[in-house]
Amino acid sequence: MSGRQGNKLPSNLPQLQNLIKRDPTSYTEEFLQQYHHYQSHVEIFSFQPDKPSKDLAELVMFLAQVAHCYPEHMASFPQQLKELLSYHHTVLDVDLRMTFCKALILLRNKNLINPTSLLELFFQLLRCHDKLLRKTLYTHIVSDIKNVNAKHKNNKVNTTLQNFMYTMLRDSNPTAAKISLDVMIELYRRNIWNDAKTVNVITTACFSKVTKVLVAALKFFLGKDEDEKQDSDSESEDDLPTARDLMMRYATNKKTTKRKKKLEKAMKVLKKQKKKSKPEVYNFSAIHLIHDPQDFAEKLLKQLESSKERFEVKMMLMDLISRLVGIHELFLFNFYPFVQRFLQPHQREVTKILLFAAQASHQLVPPEVIQSVLMTIANNFVTDKNSGEVMTVGINAIKEITARCPLAMTEDLLQDLVQYKTHKNKNVMMSARCLIHLFRSLNPEMLQKKFRGKPTEASLEARIHEYGELDAKDYIPGAEVLDVESQKEKQGTQEEDGWESASLSEEEDNEDGEWIDVHHSSDEEQKEVAEKVKSMPIDERKAKAAAVSTSRLLTQEEFHKIRLAQLSKEVNSAPGKAAKRKYIDVDEEEEEGRGELLSLRDIEHLHKKPKSDKETRLATAKAGKTDRKEFVKKKTKINPFASSSNKEKQKHKNFMMMRYSHSVRTKTKRSFREKQLALRDALLKKRKRLLK
């Protein structure tokens, strides 16, 4: 009887678990027996909660596995487990605590527990000094909230948890606060909690006294983690062959049509892969969702002024404040004098600080406030005592600030900066030319006549708006082009009808004749349309543009035509002036306007690559050197410690000692045929030696 299956069941829980899942009603007695065992173990455990209990752990996991088979008997089991964890989680054995948590996760996956109460308990357990447990709970919390909102947004659960998170971010335990913040950021990035409430809860973490929590919140708003991920992706892209590699392969081999087609196909594939692996731009919707950006920026500035954090953290605070001011067009006048203190060429990360100054400038800031920043940059950076790179960075920063706030530039300062157009350093010269080019489009009247260039249609229309002036249009500028084109198409269709009737009569007369396709150049058409638009008076242009804008919905192609017409104004000469260029070739990437945020390249951009020092050149040369072991002669000695032969010794002897020897003298007198035979014999001998 000892070998019977029934006698093994009380001690063999996995087997019993399997049988219960197949037929729950037949094994109710065995289940109840194990359940009573569990209750007795819990009573013993309550007296000594800090002691490990392997039997209790096994019983808890067994009951969690079969809980769905006996819902009436197991109604109080989840609540009992939660109470045990909440009362004793600080003193519980590590393995037993993990088992209790896994059992609760299992019950939650079977939908036997309410998610709100369980997740609140798990957030409290984040205070435990157990890294593995915290990692497990973090993974479950994120996945559980994702599953809750899978079909539709569960606002009731979300609101309760968000309110609870608000208290967790202020928790005295820094680890619990940090993981709670990580959960919220992860849920936002997965587009589960991407509402304004989540963002505004995260804003409270920006005022945390714990540096880790503060940095995580700042990184969320600045999008630093996304940049790091993109960098790691770009590192993996380096393994792919480049276009230059493919071209070199084609150039070194024999040129055939088949190889040429192969190259074209490979180039297409490479282009497609580059498009796929192009990193997506991080969307800054989180900054847009802040309820009161003005108050938030003021508090951040106050915190920054009294902060004793590391310089890197201060830089992140400055970056966030500048982005808030630039995107929301805030008034934060105390920020500019604070930034001015750091605007020195010897300052660490000064290019980033210049970038923050440019980001924080916008049209609604009073020009007097920005003027002081411009003068500081001009006095500290754009002077002949500084190096060319420092001057270039200074002029680039001034250019970016004035592009966002044109009224800040004074005529005297502009005249001084423009004189650097003839500077001996190419970088300084090119950055000064960029500044001239900017003001040709913004306000040419501020420049001297010799720097204005040839007047174009765009330069005649250019005008800097007064402070606070709003230029609101009730039509799409340049839409009159579509009206002119539609009129021309109508005329074209009428002409075609006439040509068709004429061609039919010609066909009857001469059936053997061939058709000749005559293509009308699109450049000529564009030129004709531009001339017609130019000949119109300004009032008529506006009326036609308004008529087109209000009469119908425009397609993407039509918008593209309008953009081309507007860009051609920058090239087309003003009325009464000689033509500047014959045609315009527009790059679609350059059509896009200035974005919300600047990149560091706009400030640091150098037109001429600076000369590298000796150490850099040596490092580059070493990196380029390949391992040349394959070209080194392999030693054929069986015993590496054996002495060298007389033949080898002769090779190392001085030539003056060997020049009168018989072998050297006969070598010079050998005929071509003798040399051929000697080479053949040497090769045969070498081959025999290798085959042995």
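The rules we used
- Residues numbered from 1 in each chain as written.
- Predicted model: local features only at pLDDT ≥ 70, side-chain atom pairs only at ≥ 80, totals over all residues.
- Heavy atoms only, no water.
- Helix = DSSP H or I, 4+ residues; strand = E, 2+ residues; numbered from the N terminus.
- Polar contact = N/O pair within 3.5 Å; in protein donor to acceptor, adjacent residues only side chain to side chain.
- Phe/Tyr/Trp six-rings, centres within 6.5 Å; stacked < 30°, edge-to-face > 60°.
- Buried < 20%, exposed > 50% of the residue type's maximum accessible area, 1.4 Å probe, protein only.
- Patch = residues over 30% accessible without salt bridge, like charges linked within 9 Å, V, L, I, M, F, W, Y side chains within 5 Å.
- Areas by Shrake-Rupley, 256 points an atom, 1.4 Å probe, with all protein chains shown as cover.
- Salt bridge = Lys/Arg side-chain N within 4 Å of Asp/Glu carboxyl O.
- Lys, Arg positive; Asp, Glu negative; His and termini not counted.
- Charge placed at Lys NZ, Arg CZ, Asp CG, Glu CD.
- Axes fitted to C-alpha atoms, helices over the stretch in contact; angles between N-to-C directions.
- Parallel < 35°, antiparallel > 145°, perpendicular 65-115°, else oblique.
- Left-handed = near helix turned anticlockwise from the far one by under 90°.
- Contact = heavy atoms within 4.5 Å.
- Nonpolar A, V, L, I, M, F, W, Y, C, P; charged D, E, K, R; others polar.

**A closer look at the side chain of asparagine 158**
Here comes step 1: The topology assignment puts asparagine 158 in helix H9 (residues 155-168).
Here comes step 2: In this structure the side chain of asparagine 158 is engaged in a polar contact, spanning 3.0 Å, whose partner is the side chain of tryptophan 193.

**Some thoughts on the packing of aromatic side chains**
Here comes step 1: The full count for this structure, using the stated rule, is 13 aromatic pairs.
Here comes step 2: Pairing phenylalanine 221 with phenylalanine 296 gives two aromatic rings, centres 6.1 Å apart and planes at 55 degrees, and the pair type is tilted. You can see phenylalanine 221 sitting in helix H12 (residues 211-222) and its partner phenylalanine 296 sitting in helix H17 (residues 293-305), a full 75 residues away along the chain. Each of the two residues, phenylalanine 221 as well as phenylalanine 296, counts as buried.
Here comes step 3: A ring pair is formed by phenylalanine 331 and phenylalanine 333, whose centres lie 5.8 Å apart and whose planes are at 70 degrees; its orientation type is edge-to-face.
Here comes step 4: A relative accessible area of 37% places phenylalanine 333 in the partly exposed class.
Here comes step 5: Clustering of aromatic rings is evident, with ring pairs tying together Phe31, Tyr35, Tyr38, Tyr70 and Phe77.

**Regarding a positive patch on the surface**
Here comes step 1: Together, Lys647, Lys651, Lys685, Lys686 and Arg689 make up a region of like positive charge exposed at the surface.
Here comes step 2: Broken down by secondary-structure element, the contributors of at least two residues to the positive patch are helix H33 (646-652) and helix H36 (672-691).
Here comes step 3: Top element by residues in the positive patch is H36. It accounts for three residues.
Here comes step 4: Relative to the helices and strands, lysine 686 is located in helix H36.

**With respect to the packing of helix H20 (residues 350-359) against helix H22 (residues 388-404)**
Here comes step 1: Viewed as axis vectors pointing N to C, H20 and H22 meet at an angle of 15 degrees, and their least axial separation amounts to 8 Å. For the element pair H20 / H22, the angle class is roughly parallel. Both H20 and H22 take part in a crossing whose hand is right-handed. In contact with Thr351, Leu354, Ala357, Ala358 and Gln359 of H20, H22 contributes Val393, Ala397, Glu400, Ile401 and Arg404.
Here comes step 2: Residues that form the contact of H20 with H22 fall into these classes: six nonpolar, two polar and two charged.

**Notes on helix H23 (residues 411-418)**
Think of an α-helix as 3.6 residues a turn; residues three or four steps apart then line up on the same face.
Here comes step 1: Residues of H23 that are buried include every one of Leu413, Leu414, Gln415, Leu417 and Val418, and no others.
Here comes step 2: Where H23 is buried, its residues contact helix H21 (367-380), H22 and helix H24 (426-442).

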